[in-house]
Structure formats: C-alpha cells, structure tokens
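Residue-level listing of the chains:
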Amino acid sequence: MRHPLDPDVVPDSKATAVFALGVVAVLTGPLVGGLVPATVALLLARQARAELRAAGGFLTGARRLRTGTSLAWSGIILAAAALVIVAIVGLLGLAAPGGADYGSEID
C-alpha cells in the first residue's frame, strides 16, 4: 500500500532528453555532426543516472537512459568511422598514380 505522502511516480525528463539526443546523434553521426548531441547526451546521462538513484523509485526512465546512452556512443562511433573513411579517401586521392600533367613546353 502506498503512503499518501509519497510523491507520484513520474518519468525523468533528463532520461527522455538523453534518448532524444542519442537518436539525433545516430542520425547525424555519419555526417560528423553527431558528436555534439552525443557529448551532451553523455553529460546529461551522468546527471540523470544520479537522479534516478537518489529518487528511490519515484522517477522512471532507466531503460530510456540506457538506450539513449547506447545510441550516443553509436553516434560517436559513426562519426569516428566517417572521419576515418574521409581520411583514407583523401590519402588515396593524394597518392593517385600519374602525378601532375604539364604542358609539352616544360621539361
């Protein structure tokens, strides 16, 4: 039986924000723009985790928090992979065979 003075169980808004930022990080990760929302999501996740622990069960959203954290890390990995691919393509472009093509009047 619930005591009448106990607070109502409510969803944690920071956990929802972490989830939303994680989704944005995954969607924009391949474009390297996912680093910013992923970083903000991971910073908020630390605060939300502490709030969930301190609330003693009166805040919900642990699953959203875990999912959002996983999505944020996925966004960071996608951004890192995009940077590596761009670097490899750039290096392969610099190493193209043939070199510079000069006119016939130049030795």
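No experiment lies behind these values; they were computed from the predicted model shown. (Residues numbered from 1 in each chain as written. Predicted model: local features only at pLDDT ≥ 70, side-chain atom pairs only at ≥ 80, totals over all residues. Heavy atoms only, no water.)

## Some details on the overall build of the chain
Inference 1: For the chain, the helix and strand inventory stands at 3 helices and 2 strands.
Inference 2: Seen in sequence order, the chain has helices and strands lined up from the N terminus as β-α-α-β-α.
Inference 3: Computed over the C-alpha atoms, the radius of gyration of the chain is 24 Å, more than 25% above the 13 Å expected from 2.2 N^0.38 for a compact globule of 107 residues.
Inference 4: Considered along the principal axes of its C-alpha atoms, the chain spans approximately 95 × 15 × 15 Å.
Inference 5: Long-range pairs, those at least 24 residues apart, make up 74% of the contacts in the chain with a sequence separation of at least 6.
Inference 6: Of the roughly 7500 Å² that the chain leaves accessible, carbon and sulfur atoms contribute 69%. (Helix = DSSP H or I, 4+ residues; strand = E, 2+ residues; numbered from the N terminus. Rg over C-alpha atoms; globule rule 2.2 N^0.38 Å. Contact = heavy atoms within 4.5 Å. Areas by Shrake-Rupley, 256 points an atom, 1.4 Å probe, with all protein chains shown as cover.)

## Quick look at the side chain of T69
Inference 1: In this structure, T69 sits in helix 3 (residues 62-94).
Inference 2: Relative accessible area serves as the criterion here: at 13%, T69 is assigned to the buried category.
Inference 3: Looking at T69, its side chain comes within polar contact range of the main-chain oxygen of L65, at 2.8 Å.
Inference 4: Sequence-distant contacts of T69, that is, excluding residues within four places in its chain, are made with V18, L42, A45 and R49. (Buried < 20%, exposed > 50% of the residue type's maximum accessible area, 1.4 Å probe, protein only. Polar contact = N/O pair within 3.5 Å; in protein donor to acceptor, adjacent residues only side chain to side chain.)

## Structural notes on the nonpolar core
Inference 1: Formed by A15, V18, A25, A38, A41, L44, A45, A48, L52, L65 and A72, the largest nonpolar core amounts to 11 residues.
Inference 2: Listing elements by their share of this core, those giving two or more residues are helix 1 (13-28), helix 2 (35-55) and helix 3.
Inference 3: At 6 residues, the largest contribution of residues to this core is made by helix 2.
Inference 4: With residues up to four places along the chain from it excluded, the contact list for L65 reads A15, V18, A45, A48, R49 and L52. (Core = buried A, V, L, I, M, F, W, Y, C linked by side-chain atoms within 4.5 Å.)

## Quick word on helix 1
Inference 1: Between its first and last C-alpha atoms helix 1 spans 22 Å; for 16 residues at 1.5 Å apiece the expected length is 22 Å, and the two agree.
Inference 2: Among the residues of helix 1, A15, V18, G22 and A25 are the ones counted as buried. The buried residues of helix 1 all sit within an arc of 80° when viewed along its axis, so they share a single face. More than 90 degrees from the buried face of helix 1, the exposed residues found are S13 and L27. (Expected span 1.5 Å × (residues − 1). Arc of directions from axis to C-beta.)

## Section: helix 3
Inference 1: Counted at 1.5 Å a residue, the expected span for helix 3 with its 33 residues is 48 Å, and the 48 Å between its end C-alpha atoms agrees.
Inference 2: Along helix 3, the positions that sit buried rather than exposed are L65, G68, T69, A72, G75, A79 and A82.
Inference 3: On its buried side, helix 3 packs onto helix 1 and helix 2.

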